[in-house]
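Results of the structural survey
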Amino acid sequence: MSTFGRRKCRHCKDFFISDPRNRHHQVFCGKPECRAASKAASQRKWESKPDNRDYYRSAEKAAKVKAWQEANPGYYKRRPRKKSVLPDLWTSQPPDKEVVKAKGDRVLPDLWQGQSPAVIGLISQMTGCVLPEDIAVVTGRLIARGQALMGATA
């Protein structure tokens, strides 16, 4: 295989085709581990320059960091609260068991109409049903299965 137009990665030693915009100085390929090695080499090169040697250690930088930490107490302890995608669905009370009729019967149309449009759309998308009667049947089955699972875990 010809190696024309290819370079050997400085990290993994595999041949790669460099980006035309960076051809004159690209020496690492695009693999994640090689990109990490490239970043480390770049950082070492930057830190070796005389002007940058004490960049993170100067008293001026330490004072700046300390002032920021005092202005933002507990920043590192804060965690973002997880938001529920559909909070109204999970916090709503489950429907009464009487709503689901015997096997093969339809659920009352009022039940599926009270559901979130996202749930109805999801049921329609997954089953291919578009008629309200069909969606009501599927909704009834899903509610019955959910109640059975909730009863099994309680």
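The structure we're discussing is the one just above.
Every chain is numbered independently, its residues counted from 1 as its sequence is written. At least 70 in pLDDT is required for a residue's local features to be given in this predicted model, at least 80 for side-chain atom pairs to be given and counted, and no such filter applies to totals for whole chains, interfaces and linings, which use all residues. To obtain the side-chain values, all non-hydrogen atoms of the structure were used and water was disregarded.

Overview of unusual backbone geometry
Residues other than glycine seldom take positive phi values, yet Lys 13 does so here, at roughly 70°. In this description a helix means any DSSP run of H or I spanning at least four residues, a strand means any run of E spanning at least two, and both kinds are numbered starting from the N terminus. Considering the arrangement of structural elements, one finds Lys 13 in the loop between β1 (6–8) and β2 (15–17).

A look at the environment of Ile 135
Among the secondary structure elements, Ile 135 is positioned in helix α6 (residues 132–153). Between the alpha carbons of Ile 135 and Gly 121 there is a distance of 9.5 Å; along the sequence they are 14 residues apart.

Things to note about the side chain of Gln 26
Among the secondary structure elements, Gln 26 is positioned in the loop between β2 and α1 (32–48). In protein, a polar contact means a hydrogen-donor-capable atom and an acceptor-capable atom, both N or O and within 3.5 Å, with residues adjacent in sequence counting only if both atoms are side-chain atoms; elsewhere, any N or O pair within 3.5 Å suffices. Engagement of the side chain of Gln 26 in a polar contact is seen with the backbone nitrogen of Asp 19, the distance being 2.8 Å. If we skip the residues at most four places from it in the chain, Gln 26 touches Arg 7, Phe 16, Ser 18 and Asp 19. In what follows, a contact means two residues having at least one pair of non-hydrogen atoms within 4.5 Å.

Quick look at helix α5 (residues 117–127)
Residues of α5 that are buried include every one of Ile 120, Ile 123 and Ser 124, and no others. One side of α5 holds all its buried residues, which, seen down the axis, span an arc of 95°. Facing away from the buried side of α5 by more than 90 degrees, the exposed set consists of Leu 122, Gln 125 and Met 126. Gly 128 sits one or two residues past α5 and shows a positive phi near 80°. Each residue is assigned to one of three classes by its accessible area relative to the maximum for its type, calculated with a 1.4 Å probe on protein chains only: buried under 20%, partly exposed between the two thresholds, exposed over 50%. The directions from the helix axis to the C-beta atoms form the arc being described.

Section: the layout of surface pockets
Using a 1 Å grid laid over the protein atoms alone, points where a 1.4 Å probe fits but cannot get out form a cavity; open sets with protein on both sides within 12 Å along at least 5 of 7 lines form a pocket; any residue with an atom within 4 Å of a point counts as lining. Grid points are joined across faces, edges and corners, and a volume is the space filled by probe spheres set on the points. Taken as a whole, the second largest pocket encloses approximately 390 Å³ of empty space. Lining the second largest pocket are 14 residues, and of these His 25, Gln 26, Val 27, Phe 28 and Ser 38 lie nearest its centre. Each residue gets one label: Ala, Val, Leu, Ile, Met, Phe, Trp, Tyr, Cys and Pro are nonpolar, Asp, Glu, Lys and Arg are charged, and the others, such as Gly, are polar. Looking at the lining of the second largest pocket residue by residue, the class counts come to 5 nonpolar, 6 polar and 3 charged.

Re the pattern of salt bridges
Any carboxyl oxygen of Asp or Glu that lies within 4 Å of a side-chain nitrogen of Lys or Arg is treated as forming a salt bridge with it. On inspection of all chains with the given rule, the structure shows 3 salt bridges. We note a salt bridge from Arg 21 to Asp 19, for which the minimum N-O separation is 2.9 Å. For Arg 21, a relative accessible area of 68% puts it in the exposed group. Since its relative accessible area comes to 24%, Asp 19 is described here as partly exposed. One salt bridge in this structure joins Arg 57 and Asp 54, with 3.6 Å as the shortest N-O distance. Assessed through its relative accessible area of 66%, Arg 57 is described here as exposed.

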